[in-house]
Amino acid sequence: MAEAVAQQQEKNSGSGGMWLSLLAILMGTFVAILNNSLITVALPALVNIFGSTTETMQWVMTGYMLANAVMIPMSGAFSVKFGSKRVFVLSLAAFTFCSVLCSIAWSDTALIVFRVLQGISGGMIMPIGMAMIYMIVPREKIGMALGVFGIASMTAPALGPTLGGYLIEYFNWHFLFLIGVPVGVFAVVICMALLKETPRQPDLPFDYAGAALSIVGFGALLLAFSKGQSEGWDSFFIVSLFFVAIFSLLLFVWVELGKEQPLLDLRLLKIPVFSISILTSGFVMMGMMGGVFLMPIFLQNIQGLTAMESGILLMPQSIAMAVMMPISGKLMDKYGVGPIGFVGLVVMTVTTLELYNLASDTPHEWLDMILTIRGLGIGLCMMTLSTVGMNALPRQSISNGSSLSNVLRQVMSSFAIALITVVMQERQIFHLASISDNLNAEMATSLLANLSGLYLQAGVDSASGTAGATSILYGIMAKEAMVRGIADTFLISAIPIAFSIFLLYFLHKKPEKANEAGNEQKTAA
């Protein structure tokens, strides 16, 4: 039934209406992603503005992430029960309203509360937006459509750090939230005008048990990943969170498999192509997070760039991703996921391995070239790997499949950041000890003597001069250890990307000819 209705919508709306509807969805998702990327770079400034602490203000990000993640599993059920258009527009309107509330926050507590509300309202925008694309776009054009849709997920993070730094430096923190309000209002209006409502099942019972277990399970798991490094992975708090998460998620699986209308349809994982697609795209996401998380640390902590300068340096990579995504979608529609995914994964693997050669004085031109080529590889394979899995689902299961794939990728992304942080710090400690053990004693003594002499010439006493010289030497060693730790982490992050190349064998399938697809649609009609 859903298949026939969707095909009729495609026939009535025509190609122009289809792409205008896609633009409406694109604008909605762009607003949500841009807002979050703006805040990341502004946290230190917000700490000073509100007279808060870094630990407290970190909840501006953590609270949003948790609220956003726990709403993703419910998006499929809500869209089926109330209609995808209605839920998408209401979520976007609520997100925009919460942006206004965040801009008038009078304390750090108020800002955190409003950000949690913003996360709740924004959690369903991305999965429902993706599901609606599958409802309005013919299967033979879905690669191109999702490539265009992927521009929002690539362009917004590229603009966010640079724009956020600019707003903080030249305006004030209120504009971090207000800048997206006009775009959000316009997106709501254009979505109401252009999007068509999907079939609804208002009598569908809501899975309250599954909702409660998913909130507790996924919330505890993501909180443990985000706070594990600061609290200590063996601390009582983190161990308790993992215990609650594992117990709740096991119970969640048992409850969902026993329901005819589950919150998350885990039975979809029985479809091999869909499961392997989630696994493969999750591996690519883990590899990509290495660059997203590590490069700002390298540029700001090692090479001394500001947040705005590092954002400008990293922008070509994101632009390359955004440009390549619609191209890769078009190529996928023509040649299938195999050759496109293979080239993208190989390029991504090689360039990630190349980042193992990072040094404290690495030229920005070389770094920009490697990252831009890496961005082209990511743009080739990211959306194509997701698309091939969603194409394997029946159209009536798209909403459930979208929410399931999004929540699993969210978990894998959080796990990747936690793993990358642990690896980087452990390798940094290893390299610092190695440098200390292999340090040339004669050269170190000579350097300390020269530095102490400079302190004495500046009028500093002998004890303070020796302490200052020792501190400088330790800083040089720690800086080099951090560079090697980041390089080692890039090397390790290339492993899941390379492993994904072998999984392509199970995903490759030649696309259907356009005329065959047209014949099938005529038959269904």
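As a reminder, the structure under discussion sits directly above these lines.
Residues numbered from 1 in each chain as written. Predicted model: local features only at pLDDT ≥ 70, side-chain atom pairs only at ≥ 80, totals over all residues. Heavy atoms only, no water.

Q: Please clarify how the overall build of the chain should be interpreted in this entry.
A: Each helix and strand in the chain was counted, giving 20 helices and 0 strands. The burial tally for the chain puts 54% of its 525 residues in the buried class. Counted over contacts in the chain with a minimum sequence separation of 6, partners at least 24 positions apart contribute 83%. Summed over all atoms, the accessible surface of the chain reaches about 23,000 Å², with 69% contributed by carbon and sulfur. (Helix = DSSP H or I, 4+ residues; strand = E, 2+ residues; numbered from the N terminus. Buried < 20%, exposed > 50% of the residue type's maximum accessible area, 1.4 Å probe, protein only. Contact = heavy atoms within 4.5 Å. Areas by Shrake-Rupley, 256 points an atom, 1.4 Å probe, with all protein chains shown as cover.)

Q: Help me understand the nonpolar core in this model?
A: Where a protein is soluble and globular, its nonpolar side chains tend to be buried together. Counting residues in each nonpolar core, the largest one holds 117 residues, and the members touching the most others are F88, I133, F298, L367 and I486. Those residues in contact with L367 that lie beyond four places of it in its chain are M295, F298, L299, L313, L355, L358 and T362. (Core = buried A, V, L, I, M, F, W, Y, C linked by side-chain atoms within 4.5 Å.)

Q: Hey, could you run me through empty space enclosed by the protein in this one?
A: Here the idea is plain: a probe the size of a water molecule rolls over the atoms and shows the empty space left. Under the criterion given, the structure shown has 1 cavity of 30 Å³ or more. Of the volumes computed, that of the largest cavity is approximately 30 Å³. Forming the walls of the largest cavity are S75, G76, S79, S84, P127, I128, A131 and S399. At the level of secondary structure, the elements contributing two or more residues to the lining of the largest cavity comprise α4 (59–82) and α7 (125–136). Considered class by class, the residues forming the lining of the largest cavity number 3 nonpolar, 5 polar and no charged. (1 Å grid on protein atoms, 1.4 Å probe; cavity = no way out; pocket = protein on both sides within 12 Å on 5 of 7 lines; lining within 4 Å. Points joined across faces, edges and corners; volume = space filled by probe spheres on them. Nonpolar A, V, L, I, M, F, W, Y, C, P; charged D, E, K, R; others polar.)

Q: Would you explain helix α13 (residues 272–302) in this entry?
A: The α-helix winds at 3.6 residues per turn, so residues separated by three or four positions along the chain end up facing the same way. Between the first and last C-alpha of α13 there are 44 Å, a value that for 31 residues agrees with the 45 Å anticipated at 1.5 Å per step. Remark: the principal bend of α13, roughly 30°, maps to L294, with a proline, P296, within the next four residues. Most of α13 sits inside the fold, with 22 of its 31 residues counted as buried. One or two steps after α13, the chain reaches G304, where phi turns positive at roughly 75°. (Expected span 1.5 Å × (residues − 1). Bend = angle between axes of the 7 residues up to and from the residue.)

Q: I tried to follow a nonpolar patch on the surface on my own but got confused; where do I start?
A: Together, V100, Y166, Y170, F171, F175 and L178 give the surface a local cluster of nonpolar side chains, amounting to about 540 Å² of exposed area. With respect to the helices, strands and loops of the structure, Y166 is situated in helix α8 (residues 142–170). Overall, the relative accessible area of 34% leaves Y166 in the partly exposed class. (Patch = residues over 30% accessible without salt bridge, like charges linked within 9 Å, V, L, I, M, F, W, Y side chains within 5 Å. Salt bridge = Lys/Arg side-chain N within 4 Å of Asp/Glu carboxyl O.)

Q: Before we go on, may I ask you to explain the packing of aromatic side chains in this structure?
A: For any two aromatic rings, the description comes down to two numbers: the centre-to-centre distance and the angle of the planes. In this structure the tally under the stated criterion is 13 aromatic pairs. Taking 6.3 Å as the distance between ring centres and 85° as the angle between the ring planes, the aromatic pair formed by W173 and F177 counts as edge-to-face. A residue is classified by how much of its surface remains accessible, and W173, at 8% relative accessible area, is buried. Pairwise contacts between aromatic rings join F78, F82, F206 and Y208 into one cluster. In this arrangement the basic side chain of R115 is found over the ring face of Y64, its NZ or CZ atom lying 4.2 Å from the centre. The lysine or arginine in question, R484, covers the ring of Y356, its NZ or CZ lying 5.3 Å from the ring centre. (Phe/Tyr/Trp six-rings, centres within 6.5 Å; stacked < 30°, edge-to-face > 60°. Lys NZ or Arg CZ within 6 Å of the ring centre and 35° of its normal.)

Q: What's the story with α4 in this structure? I'm lost.
A: The largest bend in α4 is about 45°, located at M74. The element α4 is extensively covered by neighbouring structure, given that 22 of its 24 residues are classed as buried. Backbone geometry just downstream of α4 places G83 in the positive-phi region, at approximately 100°.

Q: What am I meant to see in the pattern of salt bridges here?
A: Oppositely charged side chains can pair when the atoms bearing their charge come close. Scanning all chains against the criterion turns up 3 salt bridges. In this structure, D265 and R267 form a salt bridge, with 3.7 Å as the shortest nitrogen-oxygen distance.

Q: How do you make sense of the environment of V181 when you look at a structure like this?
A: Looking at the secondary structure, you find V181 in helix α10 (residues 181–194). Residue V181 is classed as buried on the basis of its relative accessible area, which comes to 15%. On a C-alpha basis, the gap between V181 and C98 in space is 9.5 Å, while along the polypeptide they are 83 residues apart. The contact partners of V181, leaving out residues within four places of it in the chain, are T96, S99 and V100.

Q: Which parts of the structure should I look at to understand the state of the cysteines?
A: Here a disulfide denotes a covalent bond joining the sulfur atom of one cysteine to the sulfur atom of another. Per the stated rule, a full pass over the model turns up 0 disulfides. Free of any disulfide, C98 has its nearest neighbouring cysteine sulfur in C102, separated by 6.7 Å. Residue classification places C98 among the buried positions, given a relative accessible area of 7%. (Disulfide = S-S within 2.5 Å.)

Q: Sorry if this is basic, but what is going on with the side chain of S91 here?
A: With respect to the element layout, S91 can be found in helix α5 (residues 84–103). The exposure class assigned to S91 is buried, which follows from its relative accessible area of 6%. Within the local environment of S91, its side chain forms a polar contact with the backbone oxygen of V87, the two atoms lying 2.7 Å apart. Residues within four places of S91 in sequence aside, it is in contact with S121, M124 and I125. (Polar contact = N/O pair within 3.5 Å; in protein donor to acceptor, adjacent residues only side chain to side chain.)

Q: Hey, could you run me through the packing of α5 against α7 in this one?
A: Relative placement of two packed helices is described by the angle separating their axes and the distance separating the axes. Two elements in contact, α5 and α7, have axes separated by 10 Å at closest approach and are oriented at 145°. Handedness of the crossing formed by α5 with α7: left-handed. Across the interface between the two elements, S84, K85, V87, F88, S91, L92 and F95 of α5 pack against I125, I128, G129 and M132 of α7. For the contact of α5 with α7, the per-class residue count stands at 7 nonpolar, 3 polar and 1 charged. (Axes fitted to C-alpha atoms, helices over the stretch in contact; angles between N-to-C directions. Left-handed = near helix turned anticlockwise from the far one by under 90°.)

Q: So what exactly am I meant to see when it comes to the side chain of S84 here?
A: By secondary structure assignment, the location of S84 is in helix α5. Residues within four places of S84 in sequence aside, it is in contact with S79, I128, M132, E197, T198 and S399.

Q: Honestly, the packing of α4 against α5 in this entry has me stumped. Any pointers?
A: For the pair α4 and α5, the least separation of the axes is 8 Å and the interaxial angle reads 150°. Comparing their axes, α5 and α4 come out roughly antiparallel. Residue-level inspection shows Y64, F78, S79 and F82 of α4 in contact with α5, the latter providing S84, R86, V87 and F95. Grouping the constituent residues of the contact of α4 with α5 by class yields 5 nonpolar, 2 polar and 1 charged. (Parallel < 35°, antiparallel > 145°, perpendicular 65-115°, else oblique.)

Q: Is there a simple way to explain the environment of G51 in this structure?
A: Turning to its location among the elements, G51 is positioned in the loop between α2 (43–50) and α3 (54–57). Once the C-alpha coordinates of G51 and S107 are considered, the two residues, 56 residues apart in sequence, prove to be 8.8 Å apart.

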